[in-house]
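An overview of the molecular structure
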Amino acid sequence: MPESLARKRLTSIAKNVATCSTQASVYAACVINHTDLKKDSCLKEFLALKDCVQKAALKNDSIAINPSNESVGSYKIEGKIIVPPGDNALQNTRILVDEGLYVGIPQVDGTFTICGVPSGSYIVSVVSPMHVFEPVRVDINAKGKIRARKVNFIQPGEVVTMKYPLNFETHGIPNYFQKREVYRLTDVIMNPMFLTLLVPLALLLILPKIASQDPEMQRDLQQASNFLQPNLNTPDIGDMFANIFGGPKKQKPTQQQIQNGASGGASGPQQRRRNEPAVRRRN
C-alpha cells in the first residue's frame, strides 16, 4: 500500500473520531471510573462510539478506498444488503467494485454508500462468508446518470435492467467442503467401458430368440454364416507370390493322392510288418 494512501486513511480515522468527541469522552470516563474493569463493562458506551464513528465515516466518504478522490466527476453507488432477520453476517460483509477497486462497508440496517466513483461501467459484488449474492453491473455516464443491469459474461450486449439503488438478496450458502466420493454399483454399470461390453452381450442373447421366430432373419443369418466359411476354390497366397517373383510352384495334391494318403494312413502298421522280412534278407 502506498505511504500516502495509508496516511490519508489514518487522517480520515482521526477526523471521524474527533467528530464523536462526546461519545469518546463518555467511553473514556466509563473505563477510568471502573476500578475492577472486566469484559463488556463499558459495552454500551463502546457501541455508541462505534455507531458514531461509522456514521461519520459514511458522511466523510471514508468507506471508499479511492486513490482518486480528488478527481472531478466522482459519483456514489448506493444500495442495500438484505439478509434474514437475526443474522449477523453484515459484520463480515464487504461490497466490492471491480474486485476491490472500491470497497464499501454496510451499516447495521444493510444500507451502504460507495463514494468517489468516476463515470464508467463497474461490476458490484457482495462478499460474505455466510451468504452468496449475485453481482450487478452498474453503468455511470458522464452526466451522473446511473443504470443497474444483470451481469452477463456470455452476451455482454444483452441488457436486463434492475432497480437502483441496488438490492442484494441472498441466494444460498457458500460450500467450503467437497463431499467425499463413495463407491457405488451404479458407477460401474454406467461406466462407458462396461456399456460397450454389455451391449454386444445383450445382442448375443436376444438375437437368437428373435431369429427363431422370424424365418427371414434365419435365412439372412444362414447366408451370413455361409459367406464367412472358407472357400476351397480360393487361390493360395503362396502360389500368387510364386507367380509374381518366379519361385517354385506348390503342387496341389490330386484327389487320388488324397484318397491313397487316407488309406495308407489307415494300413500303415500292416505295411511295415510286411516289409520287415525283406529288410532282414538284405542284411
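Residues numbered from 1 in each chain as written. Predicted model: local features only at pLDDT ≥ 70, side-chain atom pairs only at ≥ 80, totals over all residues. Heavy atoms only, no water.

To be explicit about the condition: UniProt positions are given in the numbering used here, feature names are shortened, and annotations may be inferred rather than shown by experiment.
An unreviewed UniProt entry lists the chain under the name ER membrane protein complex subunit 7 beta-sandwich domain-containing protein, from Adineta ricciae. What the UniProt record of the chain gives under Sequence similarities (unreviewed entry) is the line "Belongs to the EMC7 family." On record in UniProt, under Subcellular location (unreviewed entry), the comment for the chain is "Membrane".

Considerations on the overall build of the chain
Where we set the bar: In this description a helix means any DSSP run of H or I spanning at least four residues, a strand means any run of E spanning at least two, and both kinds are numbered starting from the N terminus. Buried residues are those whose accessible area, probed at 1.4 Å on protein chains only, stays under 20% of the maximum for their type, while exposed residues exceed 50% and partly exposed ones sit between those limits. What makes two residues a contact is simply this: any of their non-hydrogen atoms within 4.5 Å. For the accessible areas, the method is Shrake-Rupley and the probe is 1.4 Å, while residue cover comes only from the protein chains on display.
Regarding its fold elements, the chain presents 9 helices and 9 strands. Within the chain, the fraction of its 283 residues that count as buried is 19%. In the chain, the share of contacts with a sequence separation of at least 24, taken over all contacts with a separation of at least 6, comes to 58%. With an accessible surface of roughly 22000 Å², the chain has 58% of that area assigned to carbon and sulfur atoms.

Regarding the UniProt feature "transmembrane region" (unreviewed entry) in the chain
UniProt tags residues 188-207 as "transmembrane region" (unreviewed entry). With 90% helix and 0% strand, residues 188-207 has its two end C-alpha atoms placed 25 Å apart.

Side note on the layout of surface pockets
In plain terms, the rule: Points on a 1 Å grid over protein atoms alone make up a cavity when a 1.4 Å probe fits among them but cannot get out, and a pocket when they form an open set with protein on both sides within 12 Å along at least five of seven lines; lining residues each have an atom within 4 Å of a point. Grid points are joined across faces, edges and corners, and a volume is the space filled by probe spheres set on the points.
Approximately 220 Å³ is the volume attributed to the second largest pocket. Tallying contributions element by element places strand 9 (residues 166-169) first for the lining of the second largest pocket, with 3 residues.

So, the packing of aromatic side chains
The condition is simple: Stacked, tilted and edge-to-face are the three classes assigned to paired rings of Phe, Tyr and Trp, where Trp is represented by its six-membered ring and a pair needs centres within 6.5 Å; plane angles under 30 degrees give stacked, over 60 edge-to-face, the rest tilted.
Evaluated as defined, the whole model comprises 3 aromatic pairs. With a centroid separation of 6.3 Å and an interplanar angle of 90°, the aromatic rings of Tyr-102 and Tyr-122 are classed as edge-to-face. Note that Tyr-102 is positioned in strand 3 (residues 102-104) and Tyr-122 in strand 5 (residues 120-127), a separation of 20 residues in sequence. With respect to burial, Tyr-102 and Tyr-122 carry one shared label: buried. Seen in terms of ring centroids, Phe-112 and Phe-168 are 6.2 Å apart; in terms of plane orientation they differ by 40°. Their pairing is tilted. A residue pair is termed long-range when its members are at least 10 positions apart, and Phe-112 in strand 4 (residues 111-118) and Phe-168 in strand 9 qualify at 56 residues.

Topic: the pattern of salt bridges
Selection rule: A pairing counts as a salt bridge when a side-chain nitrogen of Lys or Arg comes within 4 Å of a carboxyl oxygen of Asp or Glu.
One pass over the full model with this rule turns up 2 salt bridges. Between Asp-139 and Arg-147 there is a salt bridge, with its nearest N and O atoms 2.9 Å apart. The class of Asp-139 is buried, set by a relative accessible area of 12%. Taking the relative accessible area as the measure of exposure, Arg-147 reaches 38% and is therefore partly exposed. With its nearest N and O atoms 2.6 Å apart, the salt bridge here joins Arg-149 to Asp-139.

Some points on the nonpolar core
Rule in force here: The term nonpolar core refers to a set of buried residues drawn from Ala, Val, Leu, Ile, Met, Phe, Trp, Tyr and Cys, joined through side-chain atoms within 4.5 Å.
The biggest cluster of nonpolar side chains holds 20 residues, and the ones touching the most others in it are Ile-77, Ile-81, Ile-114, Val-124, Leu-166 and Phe-168. For this core, the elements supplying multiple residues, two or more each, are strand 1 (74-82), strand 2 (94-97), strand 4, strand 5, strand 6 (136-140) and strand 9. Sequence-distant contacts of Ile-77, defined by excluding residues within four places in its chain, comprise Val-97, Phe-112, Thr-113, Ile-114, Val-117, Val-124, Val-138, Ile-140, Tyr-164 and Leu-166.

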